[in-house]
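A closer look at the structure
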Amino acid sequence: MKVFMLRAVLLWLVAAAVMPAQQGQGVIYGTVTDPSGAPVAGAPVTVTNTDTNVSTNAVTGEQGDYVTPNIAVGSYRVSVSQPGFKALVRSGIVLQVGQRAEVNLHLAVGEVSEKVEVTGNAPLVDTSGATIGNVIENKRISELPLNGRNVLALMFLAPNVKSQAGPTNSGFVDRGTAMSS
């Protein structure tokens, strides 16, 4: 009986360790600077998921940089407040699976009680790498008819994706071989 219980506990621990990996994650990072462009060190940065209200805290380093690794995908609000500067809130940040979103924050001189709020859905550009990714919405996947039900054909929904089948890439017939290329 003890061996069975030990195996059950070990299985549960392994499952608990693997489960967070099933959720899509990303990274929000950036730099906090003052009006002259100098880094602001020691500033508390709060990254809040606006869907779940879960917050992740970070503190800027000597170069004014911060990072919140491995946070769940979703909509976020990033806020920073430092004595001598107006509090800054940037919202409308959408984090996708595997995305490294750079959110640089530029503080203005003033009292912490004053607040600058920036809202918008400006596209986030990943300047730290050359990887390009695209997320296809679940609604498009479930409603789009796929010839032969080849799920790899969905990659052609992403812009600028081309197969190596050359000029014969005229329909679904060649996509099975094109996928392997």
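Preceding block: the structure.
This text gives an overview of the structure that appears in the document. (Residues numbered from 1 in each chain as written. Predicted model: local features only at pLDDT ≥ 70, side-chain atom pairs only at ≥ 80, totals over all residues. Heavy atoms only, no water.)

1. Observations regarding the side chain of Thr68
To keep things clear, this is the line we draw: The helix count covers DSSP runs of H or I at least four residues long, the strand count covers runs of E at least two residues long, and both are numbered beginning at the N terminus. The cut-offs for exposure are 20% and 50% of the maximum accessible area for each residue type, with area from a 1.4 Å probe on protein chains only; residues under the lower value are buried, those over the upper are exposed, and the others partly exposed.
Within the secondary structure layout, Thr68 lies in strand β4 (residues 65–72). On the basis of relative accessible area, Thr68 is assigned to the buried category, the value being 1%.

2. Quick look at a nonpolar patch on the surface
For the record, the criterion: What goes into a patch is any residue over 30% in relative accessible area without a salt bridge, connected to like charges within 9 Å or, for nonpolar side chains (Val, Leu, Ile, Met, Phe, Trp, Tyr), within 5 Å. Using a 1.4 Å probe, accessible areas were evaluated by the Shrake-Rupley method; residue-level cover was limited to the displayed protein chains. Only one rule defines a salt bridge in this text: a Lys or Arg side-chain nitrogen within 4 Å of an Asp or Glu carboxyl oxygen.
Taken together, the side chains of Val73, Val97 and Val135 make up a nonpolar region of the molecular surface, amounting to roughly 210 Å² of accessible area. Residue position: Val97 is located in the loop between β6 (87–95) and β7 (100–102).

3. Let's talk about the environment of Asn57
Basically, it comes down to this: Only heavy atoms enter the contact rule, under which two residues are in contact if any of them lie within 4.5 Å. The definition of a polar contact used here is a pair of N or O atoms within 3.5 Å, where within protein one atom must be able to donate a hydrogen and the other to accept one, and adjacent residues in sequence count solely through side-chain atom pairs.
With respect to the secondary-structure elements, Asn57 resides in strand β3 (residues 55–59). For the pair Asn57 and Val78, spaced 21 residues apart in sequence, the C-alpha to C-alpha distance is 9.8 Å. In contact with Asn57, not counting residues within four places along its chain, are Val45 and Thr46. A polar contact is formed between the side chain of Asn57 and the side chain of Thr46, at a distance of 3.3 Å.

4. Topic: the packing of aromatic side chains
In plain terms, the rule: Stacked, tilted and edge-to-face are the three classes assigned to paired rings of Phe, Tyr and Trp, where Trp is represented by its six-membered ring and a pair needs centres within 6.5 Å; plane angles under 30 degrees give stacked, over 60 edge-to-face, the rest tilted. Either the NZ atom of lysine or the CZ atom of arginine qualifies as a charge over a ring when it sits within 6 Å of the ring centre and within 35 degrees of the ring normal.
This structure, assessed with the given rule, holds zero aromatic pairs. Directly above the ring of Tyr29 sits Arg100, whose terminal nitrogen or CZ lies 4.7 Å from the centroid.

5. Overview of the pairing of strand β1 (residues 25–33)
In plain terms, the rule: A pair of strands is labelled paired if DSSP reports no fewer than 2 bridges between them.
The element β1 is extensively covered by neighbouring structure, given that seven of its nine residues are classed as buried. Sheet topology places β1 next to β4; six bridges connect them, and they run antiparallel. Each residue of the ladder has a partner; that of Gln25, found in β4, is Ala72. Note: β1 against β7, three bridges, orientation parallel. Of the residues in β7, the one forming a bridge with Ile28 is Ala101. The sheet contact formed by β1 and strand β8 (residues 105–106) spans two bridges and is parallel. Bridge pairing in β8 places Val32 opposite Leu105.

6. Notes on the nonpolar core
The criterion, for reference: Residues enter a nonpolar core if they are buried and are Ala, Val, Leu, Ile, Met, Phe, Trp, Tyr or Cys, with the set joined through side-chain atoms within 4.5 Å.
Judged by nonpolar contacts, the single largest core of 20 residues is most densely connected at Ile28, Val32, Tyr66, Val78, Val80 and Leu105. Of all the secondary-structure elements, those providing two or more residues to this core are β1, β2 (44–49), β4, β5 (74–80) and β6.

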